[in-house]
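Fold and contact review
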Amino acid sequence: MYKKAASLLLSLAALQATAQTTYLQLNQEDYHVLDRIETRSGSLSDDLFLFVKPVARKNAVEFLQKQRKDARFTGLTEIDRHNVNHAISVSGEWALESNGALDSKRPVLKTFYKKQPDFIYVNNDNFFLSANPVITAQGMYEKDNGTLFTSNRGMEARGLIAKKVGFYTFFTDNQESMPSFAGQWADSADAVPGADFYTRKGAGKYDYLLARGYIDFAAVKDHINVTFGYDKHFLGDGVRSLFLSDFSAGAAFLRLNTRVWKLNYQNLYMELTPQYRRGSDRELPHKYATMHHLSMNVTRWLNIGVFEGVIFDRRDRYEFSYMVPIILYRQVERSLGSPDNVVLGLNFKALAAKHLQFYGQLLLDEFTSKELVAGDGYWANKFGIQLGAKYFDAFTVRNLDLQGEVNIARPFTYSHFDSTANYTHYNQPLAHPLGAGFAELIGIARYQPAKNVFLTLKGMYYQKGVDTAGLNFGGNIFKDYDTRASSYGVTLINGPRAQCASLNLNASYELRENLFIDLGATYRKYVVENNALPSASSTYIYGGFRLNFARREYDFN
């Protein structure tokens, strides 16, 4: 049913597609540029809607070209102008200038790197193609764990066919050696963060493939795009998302994105993999998700949004009722006998003084107003809250950007009674990587003192309840919530209290477009009260290079 519906929608879209696009890779440096420039402009863009990621390259370029014209009025620095020109060049097929990517001074063999960002670049009336290698190598030394090495090799390509179809494909072969604490998480969860199938090559060492791709059609020019593929998504303005993050593996999806007036409305249909234990090769079962998010720029400085998502388990079939693009999923779930896991959410973003941005999310999984008012710690009062702020050109220091963020989620949030319709995919949380039952504080300082130099200081501290003695205190969202240790007296940090603090300093230098050299160091300490679980500390330094690949961070636990 799901595949038939996807095929029908794609066929209808193809009949009148005239404004297809491709999308910026998640975690690409250009997202910070877009966020910074929008805030410095003092006005939210009705074309951009950065809460919903990935962002269309077409919309990003159109926004940046407008801001480039007004650069002297908005006070953009010389580095800002360089970043804007770089971001436009990386998506040069959408620039106003013909072949908008910047020309290379010395192409290789007069064939490769004719354009600065692209190994292969073809752009004519009926066909556009950009193809690039993806290569990384990173060495790491962790105290008490020795030398580790990680490498990724592959390619990516995007293109447009006859101005009707956009496409993107990405593939890498990966060998990764994680620091000790990350490897322990992976072994415990039977999952490598962000990946699906993997092979374990030793303690903290993993071999896996990453592949994603999609095709994109415009159903209604400049208003409705239909995208079908296998990839990740992110809903949020912060470091974390309580709605949907890119922490877990990619998934098959069908997306409808509608943009009109000051509104952006996204429907997302996904095929997911429920939790499982690794073993012999076999066909894995499926579960499904449907999510929609409506966002509106109510003023030039304030955006508000409404989110709803449902995770449901059917025997390899999609629930047709959830495919209606405009409907309240909670009502559908109740009409089906309430077997599924529905969450609701609200979010906001506000700009102030052309330097400040405030944002937040409220996630409601389940609650009873009577029990909430009573304050007796009823287990089913399940919700999460995010509050954050960004300060661009902080304290009048140009290109110094600060960010602070707080995330909390009550125990048992995201979990479900059947251990299948929980808010997870491929043994990984779909939203916040800590699951539930935690309070987290994140602080980031970003400084770009020169065009090609990027300095980042990132600190994180969290408290979380952990399970001991076979009891379920609500922090593990994979567990059936009917196995809970108690129904009342459930606090935010439920069970033995774990505390974790980490600090990372990273310096990156861009040798040429999308080729970075990284150097950095991280310190992490983890303790559990009364030594209920072993304490651990980790200190490591790393260095390497990456081409067309986002930097890997180990801040998920």
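Residues numbered from 1 in each chain as written. Predicted model: local features only at pLDDT ≥ 70, side-chain atom pairs only at ≥ 80, totals over all residues. Heavy atoms only, no water.

**Overview of the overall build of the protein**
Helices and strands together make up the secondary structure of the protein, namely 8 helices and 24 strands. Taking the principal axes of its C-alpha atoms as reference, the protein extends roughly 65 × 55 × 55 Å. Buried residues in the protein amount to 56% of all 557 residues. Once local pairs closer than 6 in sequence are excluded, the contacts in the protein between residues at least 24 apart make up 65%. When the accessible surface of the protein is summed, it comes to about 23,500 Å², and 60% of that surface belongs to carbon and sulfur atoms. Each charge sign in the protein was given a centre, from 62 positive and 56 negative side chains, and these centres are 4 Å apart. (Helix = DSSP H or I, 4+ residues; strand = E, 2+ residues; numbered from the N terminus. Buried < 20%, exposed > 50% of the residue type's maximum accessible area, 1.4 Å probe, protein only. Contact = heavy atoms within 4.5 Å. Areas by Shrake-Rupley, 256 points an atom, 1.4 Å probe, with all protein chains shown as cover. Lys, Arg positive; Asp, Glu negative; His and termini not counted. Charge placed at Lys NZ, Arg CZ, Asp CG, Glu CD.)

**What about empty space enclosed by the protein?**
In the structure shown here, the tally under the stated rule is 8 cavities of 30 Å³ or more. The space that makes up the second largest cavity amounts to roughly 280 Å³. Taken together, 21 residues make up the lining of the second largest cavity; nearest its centre are Tyr23, Ala56, Asn59, Asn257 and Arg259. Examining the composition of the lining of the second largest cavity, we find that 3 residues originate from one element, strand E10 (residues 251-260), more than from any other. (1 Å grid on protein atoms, 1.4 Å probe; cavity = no way out; pocket = protein on both sides within 12 Å on 5 of 7 lines; lining within 4 Å. Points joined across faces, edges and corners; volume = space filled by probe spheres on them.)

**Let's talk about the environment of Asn407**
The topology assignment puts Asn407 in strand E17 (residues 400-409). Overall, the relative accessible area of 0% leaves Asn407 in the buried class. Between the C-alpha atom of Asn407 and that of Phe438, which follows or precedes it by 31 residues, the distance is 8.0 Å. In contact with Asn407, other than residues within four places in its own chain, are Arg240, Leu242, Ile385, Gln386, His432, Phe438, Ala439, Glu440 and Ile442. In terms of polar contacts, Asn407 uses its side chain to reach the side chain of Gln386, at 3.0 Å. Polar contacts involving the side chain of Asn407 include one to the side chain of Glu405, which spans 2.9 Å. (Polar contact = N/O pair within 3.5 Å; in protein donor to acceptor, adjacent residues only side chain to side chain.)

**Some thoughts on unusual backbone geometry**
Cis geometry is found at the peptide bond from Lys53 to Pro54, where omega equals 10°. In this structure, Pro54 sits in the loop between strand E1 (52-53) and helix H3 (57-69). Even without glycine at this site, Ala353 takes up a positive phi of about 55°. Of note in the backbone geometry, Thr396 takes a positive phi value of approximately 65° without being a glycine. Tracing the backbone shows Thr396 in the loop between strand E16 (382-391) and E17.

**Observations concerning the packing of aromatic side chains**
Counting across every chain of the model gives 25 aromatic pairs. Centre to centre, the rings of Tyr391 and Phe395 are 5.3 Å apart; their planes meet at 70°, and the pair counts as edge-to-face. Members of the aromatic cluster, joined through ring pairs, are Tyr378, Trp379, Phe412, Phe417, Tyr481 and Tyr488. Positioned over the ring face of Tyr23 is Arg255, at 4.7 Å from the centre of the ring. Positioned above the aromatic ring of Phe516 is the side chain of Arg546, whose terminal nitrogen or guanidinium carbon lies 4.4 Å from the ring centre. (Phe/Tyr/Trp six-rings, centres within 6.5 Å; stacked < 30°, edge-to-face > 60°. Lys NZ or Arg CZ within 6 Å of the ring centre and 35° of its normal.)

**What to know about the pattern of salt bridges**
If you walk through the whole model with that rule in mind, you get 30 salt bridges. In this structure, the salt-bridge partner of Arg36 is Asp80, at a minimum N-O distance of 2.7 Å. Of the two residues, Arg36 sits in helix H2 (residues 30-41) while Asp80 sits in helix H5 (residues 78-90), which places them 44 residues apart along the sequence. By the burial criterion, Arg36 is buried, and Asp80 matches it. Of the charged contacts, one joins Asp47 and Arg259 as a salt bridge, the two residues approaching to 2.9 Å between their closest N and O atoms. Remark: Arg259 occurs in strand E10 and Asp47 occurs in the loop between H2 and E1; sequence separation between them is 212 residues. Asp47 gets classed as partly exposed once you look at its relative accessible area, which sits at 22%. Exposure remark for Arg259: the relative accessible area of 13% places this residue in the buried category. Salt bridges sharing common partners tie together Arg36, Arg40, Asp80, Asp393 and Asp401. (Salt bridge = Lys/Arg side-chain N within 4 Å of Asp/Glu carboxyl O.)

**Side note on H5**
Over its 13 residues, H5 extends 19 Å from the first C-alpha to the last, a length consistent with the 18 Å expected when each residue adds 1.5 Å. Looking at H5, one finds that the buried residues are Ile79, Asp80, Asn83, Val84, His86, Ala87, Ile88, Ser89 and Val90. For H5, the secondary structure elements touched by its buried residues are H2, H3, strand E4 (146-161), strand E20 (438-450) and strand E22 (497-512). (Expected span 1.5 Å × (residues − 1).)

**Brief notes about the confidence of the model for the protein**
For the protein, mean pLDDT is 91; residues scoring 70 or higher make up 94% of the total. Taken as a whole, residues 8-17 scores under 50 in pLDDT and shows 16 contacts with residues more than four places along the chain or in a different chain. (pLDDT = per-residue confidence, 0-100.)

**A closer look at the pairing of E20**
When E17 meets E20, the two strands line up antiparallel, connected through 10 bridges. Looking at the pairing, Glu405 lines up with Ile442 of E20. Pairing analysis gives 11 bridges linking E20 to strand E21 (residues 453-465), with the strands arranged antiparallel. Bridge assignment links Arg446 to a residue of E21, and that residue is Thr456. (Pairing = 2+ DSSP bridges.)

**Examining the environment of Lys69**
In this fold, Lys69 is placed in helix H3. Residue classification places Lys69 among the exposed residues on the basis of a relative accessible area of 63%.

**Things to note about the packing of H2 against H5**
Contact geometry of H2 with H5 gives a least axis separation of 10 Å together with a crossing angle of 125°. As judged from the angle between their axes, H2 and H5 are oblique. With respect to the hand of their crossing, H2 and H5 are arranged in left-handed fashion. Side by side, H2 and H5 meet where Asp30, Val33, Arg36 and Ile37 of the first sit next to Asp80, Asn83, Val84, His86, Ala87 and Val90 of the second. Looking at the contact of H2 with H5, its residues break down into 5 nonpolar, 2 polar and 3 charged. (Axes fitted to C-alpha atoms, helices over the stretch in contact; angles between N-to-C directions. Parallel < 35°, antiparallel > 145°, perpendicular 65-115°, else oblique. Left-handed = near helix turned anticlockwise from the far one by under 90°. Nonpolar A, V, L, I, M, F, W, Y, C, P; charged D, E, K, R; others polar.)

**Brief notes about the nonpolar core**
Membership of the largest hydrophobic core comes to 51 residues, with the highest contact counts inside it found for Met270, Met291, Tyr423 and Tyr554. Broken down by element, this core gets its largest block of residues, 5 residues, from helix H6 (residues 180-189). Residues Leu24, Phe63, Trp94 and Phe128 belong to the second largest nonpolar core, which totals 25 residues. (Core = buried A, V, L, I, M, F, W, Y, C linked by side-chain atoms within 4.5 Å.)

**Considerations on the layout of surface pockets**
Its boundaries defined by the atoms lining it, the largest pocket holds a volume of some 1,100 Å³. Lining the largest pocket we find 33 residues, and of these Trp185, Ser188, Lys464, Tyr526 and Asn557 sit closest to its centre. No other element matches H6, which puts 6 residues into the lining of the largest pocket. For the lining of the largest pocket, the per-class residue count stands at 17 nonpolar, 12 polar and 4 charged.

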